[in-house]
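Listed below, chain by chain, are the residues.
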Amino acid sequence: MVAASSLAAVMMGIGALFIRMRAAKKPASAKKIIMPPLFMSTGALMFLFPMFRVTGLELLEAAAVGCVFSILLIKTSNFEIRGQDIYLKRSKAFPVILMTLLVVRIVGKLVLATAIDIGELGGMFFILAFSMILPWRIAMYKKYILLKRQLSGRSIAITEKTAF
């Protein structure tokens, strides 16, 4: 079971890399930034089932690790203005960091699987992933909004110049 979930994590990591590379070719939007954590939040329904429930300490540990991992993603996610649109900047470090986080996650899962029930471990890794994605996307949204304001300020100045 641990091997199957690890393989699934690798496939999702590779998928995330391709999605990120394609996203850099199209303008960013608030909707594209906000939607992934919202969609992922539905996974919290797993905690309705007792086998996935974690203790308070496990919740705090997983959330703390997720927040620490999110720092790396935040540092490598930046935007740039091209013309009248905002694009996600390509980062050479992002794929390396994403794959490193994936390897650390898989090794952690293999080590912890011997001591923690598989259901609880699944719950902990969901919390870890969500605690990593949520701060990352909030930081991306803030950066996006700052550039959006800068872009709208620039377009107002251009419009005023051309009006006279």
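It should be noted that the structure appears before, not after, this text.
Thresholds applied
Residues numbered from 1 in each chain as written. Predicted model: local features only at pLDDT ≥ 70, side-chain atom pairs only at ≥ 80, totals over all residues. Heavy atoms only, no water. Pairing = 2+ DSSP bridges. Helix = DSSP H or I, 4+ residues; strand = E, 2+ residues; numbered from the N terminus. Patch = residues over 30% accessible without salt bridge, like charges linked within 9 Å, V, L, I, M, F, W, Y side chains within 5 Å. Areas by Shrake-Rupley, 256 points an atom, 1.4 Å probe, with all protein chains shown as cover. Salt bridge = Lys/Arg side-chain N within 4 Å of Asp/Glu carboxyl O. Lys, Arg positive; Asp, Glu negative; His and termini not counted. Charge placed at Lys NZ, Arg CZ, Asp CG, Glu CD. Buried < 20%, exposed > 50% of the residue type's maximum accessible area, 1.4 Å probe, protein only. Core = buried A, V, L, I, M, F, W, Y, C linked by side-chain atoms within 4.5 Å. Polar contact = N/O pair within 3.5 Å; in protein donor to acceptor, adjacent residues only side chain to side chain. Expected span 1.5 Å × (residues − 1). Arc of directions from axis to C-beta. Contact = heavy atoms within 4.5 Å.

A.B. asks: Got a minute to help me understand the pairing of strand β2 (residues 85–88) in this structure?
C.D. replies: The two faces of the sheet receive side chains in turn, since in a regular strand these alternate between them. Bridge count between strand β1 (residues 79–82) and β2: 4 bridges; the pairing is antiparallel. By the bridge assignment, Ile 81 is partnered in β2 with Ile 86. Turn length for the β1-β2 hairpin, with the two strands adjacent in sequence and antiparallel, is 2 residues, and the turn residue Gly 83 shows positive phi of about 65°.

A.B. asks: Honestly, a positive patch on the surface in this entry has me stumped. Any pointers?
C.D. replies: Taken together, the side chains of Arg 22, Lys 25, Lys 26, Lys 32 and Arg 90 present a region of like positive charge at the surface. Take Lys 32: it is sitting in helix α2 (residues 30–41). Given the relative accessible area of 47%, Lys 32 is considered partly exposed.

A.B. asks: Could you clarify how one ought to interpret the nonpolar core in this entry?
C.D. replies: Among soluble globular proteins, nonpolar side chains are generally buried collectively. In this structure, Leu 73 and Phe 79 are the most contacted members of the largest nonpolar core, which totals 29 residues. Sorting the residues of this core by element identifies α3 (56–75), β2, α4 (93–112) and α5 (118–163) as the ones contributing at least two each. Sort the elements by how many residues they give to this core and α5 lands first, with 13 residues.

A.B. asks: Even after reading the chapter, I still don't get the environment of Ser 152, so can you show me in this structure?
C.D. replies: Mapped onto the secondary structure, Ser 152 falls in helix α5. Accessibility expressed as a relative area gives 36% for Ser 152, which makes it partly exposed. Along the sequence, Ser 152 and Gln 84 sit 68 residues apart, while their C-alpha atoms lie 8.9 Å from each other. Engagement of the side chain of Ser 152 in a polar contact is seen with the backbone oxygen of Arg 149, the distance being 3.0 Å.

A.B. asks: Would you mind going over α3 with me for this structure?
C.D. replies: Helical geometry: 3.6 residues make up each α-helical turn, so side chains three or four residues apart lie on a common side. Counted at 1.5 Å a residue, the expected span for α3 with its 20 residues is 28 Å, and the 29 Å between its end C-alpha atoms agrees. Buried within α3 are the following residues: Glu 58, Ala 62, Ala 63, Gly 66, Phe 69, Ser 70 and Leu 73. In an axial view of α3, the angular spread of the buried residues amounts to 135°, which keeps them on one side of the axis. Projecting away from the buried face of α3 at angles above 90 degrees are the exposed residues Gly 56, Leu 57, Leu 60, Val 68 and Lys 75.

A.B. asks: Where do I start with the side chain of Ser 70 in this structure?
C.D. replies: Within the secondary structure, Ser 70 is located in helix α3. Residue Ser 70 is classed as buried on the basis of its relative accessible area, which comes to 2%. Once you skip the residues sitting within four places of it in the chain, Ser 70 turns out to touch Ser 131, Met 132, Pro 135 and Trp 136.

Purely spatial values, then, with no claim about function.
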